Amino acid sequence: MLGNLIHACTEKDANSLLLKTLLTIPGPSYGCVRYWDWIEPHCVSQLAKKYGVSEAQQQVYTQILVNIKTLRQEKTALFGDINDPETRQLLEADGDRLTDPYLVWKNVGGAEWIDVKTDAANHLECGAGELKTTVSKSLPQGGLSNEYIEDM
Amino acid sequence: MVKADPSLVSPYFDGDLDKLDESCFLDSYSLQAMFMDGDQKSKLWLQNLLKDITYTNDLQILIGHLCWKNLQFSRKAGKVILKGCNKHKTEEVMSPILIANEYLTLKDEFQRNRVEWMLGLPSFEFKETHGNNELLASLRVGCQQIRECKDQVYTYKTNLFPAAGGWGTPDSFL
């Protein structure tokens, strides 16, 4: 599925909307700023494995890397530094807003509901709550990381 | 009879506009059912066609043509494609994944919607701790619920289905 998604970005995404979305939405873990950031290191690490990766999987990972290289060459402006205002503006024009990477630490109280709506007829209750947490600026280098988070 | 509107000719239609006025090979009920919401048959034809890789190329064009500038049909097709992508058998997954490529890159004013439906919306993960009646106070977020940096703190949930996020909801692409 990942291979097809990158293939679609390379071959069919004429207005780059799909690529811009992947380049702006937050990454799945604290190890990467954007969703895009884990893909290339993951493929490289899988290809470096001596066992456990079939030939078919190797072909998929290799093709993903080839497609990423093509995208970098063809759409250079989109792969600039995300701290550069021009690149940021270009990505956010069609993609999501780039969020600053923060680590969310412990809850420090202040848990309260700020809006609760009830639909008794349909037995539904919807609430928006506020939870105070400590945060710190995160500086992920991209890709995968095995470092343990201290002071859990 | 299908009436042609020249201003709404999708980039996938390369035939003769006049031919659209010819009688359709489908009977009137089947034709209506294709575009009727709430009718099981409205999705059945697509579900069946997606099971077989033989029709993938034609289906890509058809899906592109029907979804172009059509939010309602795009939503309907999105549900079927996403469900197809969540199947376990390799042969059943191939066609939906290939068709999703076309679906995601179809250029019109609703492309953003289609991308969000397929890829899902990023949602911050949280977990409830047991033994605490106060829901908000019992929530664990971020570093509190993971062991390593590489553990997931964001999930990508689709809002295509009514009970989104519930048990049985198909996973999004991401």
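Below is a short write-up of the structure.

Analysis parameters
Residue positions within a chain follow its written sequence, with the count starting from 1. Labels are handed out in written order, letters beginning with A for the chains and numbers beginning with 1 for the ligands. Reporting of local features is limited, given that this is a predicted model, to residues whose pLDDT is at least 70; pairs of side-chain atoms are given and counted only at 80 or more, and all residues count toward the totals for whole chains, interfaces and linings. Here a helix means four or more residues in a row that DSSP labels H or I, a strand means two or more in a row labelled E, and each is numbered from the N terminus. Three exposure classes are used, based on other C-beta atoms lying within 10 Å of a residue's own C-beta, which is placed from the backbone: buried for 20 or more, exposed for 12 or fewer, and partly exposed in between. Once C-beta atoms have been placed from the backbone, residue pairs whose C-beta atoms lie within 7 Å are recorded as contacts. In this analysis an axis means a line fitted to C-alpha atoms, helices contributing only their contacting stretch, and an angle means the value between N-to-C directions, from 0 to 180 degrees. Should an angle lie under 35 degrees it is considered roughly parallel, over 145 roughly antiparallel, and from 65 to 115 roughly perpendicular; all remaining angles are considered oblique. We call a crossing left-handed when the near helix sits turned anticlockwise from the far one by less than a right angle, and right-handed when that turn is clockwise. Residues are grouped as follows: Ala, Val, Leu, Ile, Met, Phe, Trp, Tyr, Cys and Pro are nonpolar; Asp, Glu, Lys and Arg are charged; every other residue, Gly included, is polar. For this entry, the nonpolar core is defined as buried Ala, Val, Leu, Ile, Met, Phe, Trp, Tyr and Cys residues connected by C-beta atoms within 7 Å.

With that out of the way, let us pick up the overall build of chain B. Tallying secondary structure elements over chain B gives six helices and four strands in all. Taken from the N to the C terminus, the helices and strands of chain B come in the order α-α-α-α-α-α-β-β-β-β. Counting over 174 residues, chain B shows a buried share of 24%. The long-range share in chain B, meaning contacts at least 24 apart out of those at least 6 apart in sequence, stands at 57%.

As a packed pair, helix 2 (residues 17-24) of chain A and helix 6 (residues 111-119) of chain B sit with axes 10 Å apart at the nearest point and diverge in direction by 50°. As far as their axial angle goes, helix 6 of chain B and helix 2 of chain A are oblique. Of the two elements, helix 2 of chain A crosses helix 6 of chain B, and the hand of that crossing is right-handed. Only Q111(B), R112(B), V115(B) and L119(B) of helix 6 of chain B make contact with helix 2 of chain A, whose side of the interface consists of L17(A), L18(A) and T21(A).

What follows concerns the interface of chain A and chain B. Across the boundary between the two partners, chain A contributes 37 residues, which contact 29 residues of chain B. Elements with a minimum of two residues in the side of chain A that touches chain B: helix 1 (2-11), helix 2, strand 1 (102-107) and strand 2 (112-119) of chain A. In terms of residue class, the side of chain A that touches chain B is built from 21 nonpolar, 11 polar and five charged.

What follows covers the environment of V141(B). Inspection of the secondary structure assignment puts V141(B) in strand 3 (residues 139-141). Note on V141(B): 18 C-beta atoms within 10 Å, which makes it partly exposed. Residues V141(B) and V153(B), spaced 12 residues apart in sequence, show a C-alpha to C-alpha distance of 8.1 Å. With near-sequence residues (within four places) excluded, V141(B) lies in contact with V104(A), T133(A), F124(B) and F126(B).

Axis angle and axis distance: for two packed helices, these are the angle between their axes and the distance between the axes, and together they describe the pair. Residue and element names in this part refer to chain A. Relative to each other, helix 2 and helix 5 (residues 85-94) sit at 115°, their axes nearing to 8 Å. Relative to helix 5, the crossing made by helix 2 is left-handed. Where helix 2 approaches helix 5, its residues L17, K20, L23 and T24 are matched on the opposing element by L91, E92 and D94. Here the contact of helix 2 with helix 5 is composed, by residue class, of three nonpolar, one polar and three charged.

Ranked by internal contacts, the top residues of the largest apolar core, which has 44 residues, are I81(B), Y103(B) and M118(B). With residues up to four places along the chain from it excluded, the contact list for M118(B) reads G78(B), L82(B), A100(B), Y103(B), L104(B), S172(B) and F173(B).

Another point: helix 2 of chain A. By the criterion of burial, helix 2 of chain A is predominantly enclosed, with seven of the eight residues buried. Inspection of helix 2 of chain A places L18(A), L19(A), K20(A), T21(A), L22(A), L23(A) and T24(A) among the buried residues, and these make up the whole buried set. On its buried side, helix 2 of chain A packs onto helix 1, helix 4 (55-74) and helix 5 of chain A together with helix 5 (90-105) and helix 6 of chain B.

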